[in-house]
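# Secondary and tertiary structure notes
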Amino acid sequence: MCLAVPGRVMEIEERDGTRMAVVDFGGVVKDVCLEYLPDLEVGEYAIVHVGFALQRLDEESALRTLELFAELGLLQEEFGDAWEAAAGPGETAEAER
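Residues numbered from 1 in each chain as written. Predicted model: local features only at pLDDT ≥ 70, side-chain atom pairs only at ≥ 80, totals over all residues. Heavy atoms only, no water.

## What about the overall build of the protein?
- If you tally the helices and strands in the protein, you get 4 helices and 5 strands.
- Walking the protein from its N terminus toward its C terminus, one meets helices and strands in the order β-β-β-β-β-α-α-α-α.
- Taking all 97 residues of the protein together, the buried fraction comes to 31%.
- Put simply, of all contacts in the protein between residues at least 6 apart along the chain, 36% involve residues at least 24 apart. (Helix = DSSP H or I, 4+ residues; strand = E, 2+ residues; numbered from the N terminus. Buried < 20%, exposed > 50% of the residue type's maximum accessible area, 1.4 Å probe, protein only. Contact = heavy atoms within 4.5 Å.)

This is the structure:
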């Protein structure tokens, strides 16, 4: 599954002519392209989908959405270990030992 997830911009830099940001998604940090939101600033929140910031979001909405995603396990599903998720419950390497 590939969700559109809110995240907070931690830092911004130019990389090979592309405006990029380090974004925190409730504890998971990823690189994100800011080309669709060139005026986004450090500390602001944005909806991110497949590595691109698509829409600015207010802090209250972003935090509420992140909390809901965490409660539903969607953040783990989106950012967790893909191999572990594919193995299914009880089928991790730890369970096989």
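## What to know about the nonpolar core
- If you look at the biggest cluster of nonpolar residues, it comprises 16 residues, and the most contacted ones within it are Val5, Val23, Phe25, Val32, Leu34, Leu40 and Ala53.
- Those elements giving two or more residues to this core turn out to be β1 (5-15), β2 (18-25), β4 (45-49) and α1 (59-71).
- In terms of residue count, the dominant contributor to this core is β2 (3 residues).
- Aside from chain neighbours lying at most four places away, what touches Leu34 is Ile12, Arg19, Met20, Ala21, Leu40 and Ala53. (Core = buried A, V, L, I, M, F, W, Y, C linked by side-chain atoms within 4.5 Å.)

From the geometry alone we can't say anything about function, so treat these as descriptive.
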